[in-house]
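# Overview (structure and organization)
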Amino acid sequence: MDDNDIKIFIGKTKDNTDDSIALISEMNAQRLNGNTQKAKDLGKELSARFLDTERLRSSLEEEVGPLNYPEKVIFQIKILMFFTAEYCINRLLPNALLKSTATNTIYDSIIKNAGEFYEEFSDAVEYSFYYLSVKKDDIVSAVGKTFAMVCGKGGDEEYERLGSEIFRVVAKEVESIIESYDFQK
């Protein structure tokens, strides 16, 4: 018999049990104080706003000017908006459980209400580039440069400005929406 054939049983450690109990306790606390429902409602509200293309375009044009761009660029604008919402959720919600709940609700809503967009959206690598850009000192500028790059217009000041403005405007709106939910800390 070879030593590699011998299996050693390792039971659950107390740490794993303690972590599970802590998670269940946290889930119950967030459900009881209303935060879980608020996170779900937040995710639904944000996805509804961003999936309503006409309302979205009108609202954005008031802030950043006309959006007379090809469909490929409009798609990138939507991706940037969803990224910005997720970025704000991760920055502003009080804990990982609520962040995950709100974000998953957004994705569930996209799958349910805009399956074709989700198919394209889920295959996109842009999120990785945006996550790298928010690690820079000047996040707004870095996001603008990333937006120009993913639109195939790297170095184009108009696209960089557009990306920066979209990020700034959407972040401000999402922050305001999140604050209105008054999450318990």
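Above this text is the structure in question.
The paragraphs below set out a description of the structure included in this document. (Residues numbered from 1 in each chain as written. Predicted model: local features only at pLDDT ≥ 70, side-chain atom pairs only at ≥ 80, totals over all residues. Heavy atoms only, no water.)

Under the criterion given, the structure shown has 5 salt bridges. Here Glu45 ties to Arg49 by a salt bridge, and the two come within 3.2 Å at their closest N and O atoms. On the criterion of helical spacing, the pair formed by Glu45 and Arg49 is a turn pair, its members being 4 residues apart in helix α2 (residues 35-51). The shortest N-O distance in the salt bridge between Arg168 and Glu165 comes to 2.6 Å. In this pair, Arg168 and Glu165 both sit in helix α9 (residues 157-180), 3 residues apart, roughly one turn of the helix. For Glu165, a relative accessible area of 22% gives the class partly exposed. Each of Glu45, Arg49 and Glu173 takes part in a single network of salt bridges with overlapping partners. (Salt bridge = Lys/Arg side-chain N within 4 Å of Asp/Glu carboxyl O. Helix = DSSP H or I, 4+ residues; strand = E, 2+ residues; numbered from the N terminus. Buried < 20%, exposed > 50% of the residue type's maximum accessible area, 1.4 Å probe, protein only.)

Let's shift gears to the packing of helix α8 (residues 139-150) against α9. Close contact between α8 and α9 brings their axes to 7 Å; oriented N to C, the two are set at 125°. Taken together, the axes of α8 and α9 are oblique relative to one another. Crossing of α8 over α9 shows right-handed handedness. Each of Ile139, Val140, Ser141, Val143, Gly144, Lys145, Phe147 and Ala148 in α8 lies in contact with α9, whose residues at this interface are Tyr159, Glu160, Leu162, Gly163, Ser164 and Phe167. (Axes fitted to C-alpha atoms, helices over the stretch in contact; angles between N-to-C directions. Parallel < 35°, antiparallel > 145°, perpendicular 65-115°, else oblique. Left-handed = near helix turned anticlockwise from the far one by under 90°. Contact = heavy atoms within 4.5 Å.)

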